[in-house]
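Reading the structure
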Amino acid sequence: MQETYSENDIPQSLRWQNVDKFLKKFLHRFVSEVIPIDTVIDEHGNEIKKVFSRKRFICWYSRIFEINEFYHTYGTPGIWFHGYLPQSEFGEPEFDSAKPDYGYYDFEIKSLEHFKHTLATMIKANEYFATEE
């Protein structure tokens, strides 16, 4: 992740298109699809796979360590963060990590200010984990 960005680089809204344009400059981008499948057995004993829906999602992840990931599922409003961040910045984590000051978080980014705070903290986390290699 690049360590600097200007205020003009920050998206003007949390619409996924704006966030995608911004994060593509700084993070790796991965696009994939999830296809939930159910298998049923017909009267002849044959397995029949039924595809219910396709969900496309975009992930952006750090170049230094690949545990910070943003994603957006089409059809589901919101942009989410999940990964490891310092507990001093985000309070009690969902799960502890091997590093005593870090924990695992999973939360929706609610506003541009929250996005900026998360991004700044990711930069600090990237620097910390880069020195641990």
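Computed from a predicted model, the values in this text were never measured in an experiment. (Residues numbered from 1 in each chain as written. Predicted model: local features only at pLDDT ≥ 70, side-chain atom pairs only at ≥ 80, totals over all residues. Heavy atoms only, no water.)

1. What to know about the overall build of the chain
Inclusion rule: Put simply, DSSP H or I for four residues or longer makes a helix, DSSP E for two residues or longer makes a strand, and each gets a number counted from the N terminus. Burial classification: accessible surface area is computed with a 1.4 Å probe over protein chains only, and a residue below 20% of its type maximum counts as buried, one above 50% as exposed, and the rest as partly exposed. Contacts between residues were defined by any pair of non-hydrogen atoms, one from each residue, lying within 4.5 Å. All accessible-area figures derive from a Shrake-Rupley calculation using a 1.4 Å probe, and residue coverage is judged against the displayed protein chains alone.
Within the chain, the regular secondary structure consists of three helices and eight strands. Within the chain, buried positions represent 33% of all 133 residues. The contacts of the chain with a sequence gap of at least 6 include a subset with a gap of at least 24, amounting to 47%. Carbon and sulfur atoms form 50% of the exposed surface of the chain, whose accessible area is close to 8,200 Å².

2. Some points on the packing of aromatic side chains
What counts, and what does not: Only rings of Phe, Tyr and Trp enter the pairing, Trp through its six-membered ring, and a pair is recorded when the two centres are within 6.5 Å. The plane angle decides the type: under 30 degrees is stacked, over 60 is edge-to-face, the rest tilted.
Under the defined criterion, the tally for this structure stands at seven aromatic pairs. With a centroid separation of 6.2 Å and an interplanar angle of 50°, the aromatic rings of Phe95 and Tyr104 are classed as tilted. Of the aromatic side chains, those joined through ring pairs into one cluster are Phe81, Phe90, Tyr105 and Phe107.

3. Details of the environment of Phe57
Here Phe57 shows up in strand E4 (residues 55-61). Here the alpha-carbon distance between Phe57 and Val31, two residues 26 residues apart in the chain, equals 5.8 Å.

4. Considerations on the nonpolar core
Applied cut-off: We define a nonpolar core as any set of buried Ala, Val, Leu, Ile, Met, Phe, Trp, Tyr and Cys residues linked to one another through side-chain atoms lying within 4.5 Å.
Grouped together as the largest cluster of nonpolar side chains are 19 residues, with contacts concentrated most on Leu23, Phe70, Phe81 and Phe115. Apart from residues lying up to four places away in sequence, Leu23 is in contact with Trp60, Phe70, Phe115 and Leu119.

5. With respect to the pattern of salt bridges
Spelled out, the test is: A side-chain nitrogen of Lys or Arg and a carboxyl oxygen of Asp or Glu constitute a salt bridge if their distance falls within 4 Å.
As enumerated under the stated definition, the model contains six salt bridges in all. Residue Lys110 pairs with Glu108 through a salt bridge whose shortest N-O separation is 3.4 Å. On the accessibility criterion, Lys110 (63% relative accessible area) is exposed. Two residues, Lys116 and Glu113, come together in a salt bridge whose shortest N-O distance is 3.5 Å. Here Lys116 and its partner Glu113 are both found in helix H3 (residues 112-131), three residues apart, which amounts to about one turn of the helix. Here the residues in one salt-bridge network are Asp20, Lys24 and Arg29, joined through shared partners.

6. Focus: the environment of His72
Its place among the elements puts His72 in strand E5 (residues 69-73). In this structure the C-alpha to C-alpha distance between His72 and Cys59, which are 13 residues apart in sequence, comes to 7.2 Å. Not counting the four nearest positions on each side in its chain, His72 is found in contact with Trp16, Arg56, Phe57, Ile58, Gly78 and Ile79.

7. A short note on the side chain of His82
The condition that has to hold: For the purposes of these results, a polar contact is taken to be a pair of N or O atoms within 3.5 Å, where, inside protein, one atom must be able to donate a hydrogen and its partner to accept one; residues adjacent in sequence count only when each atom of the pair is a side-chain atom.
Looking at the secondary structure, you find His82 in strand E6 (residues 79-86). Accessibility expressed as a relative area gives 18% for His82, which makes it buried. One polar contact links His82 to Tyr104, side chain to side chain, over a distance of 3.3 Å.

8. Side note on the pairing of strand E8 (residues 102-109)
The side chains of a regular strand alternate, residue by residue, between the two faces of the sheet. We count it as follows: Only strands that DSSP links by at least two bridges are regarded as paired with each other.
Extensive coverage of E8 is indicated by the burial of six of its eight residues. Relative to E8, E6 runs antiparallel, the two being bridged by eight bridges. Paired with Phe81 across the strands is Phe107, a residue of E8. Bridge count between strand E7 (residues 95-96) and E8: two bridges; the pairing is antiparallel. Considered in E8, the bridge of Phe95 is made with Tyr104. Between the end of E7 and the start of E8, which pair antiparallel, lie five residues.

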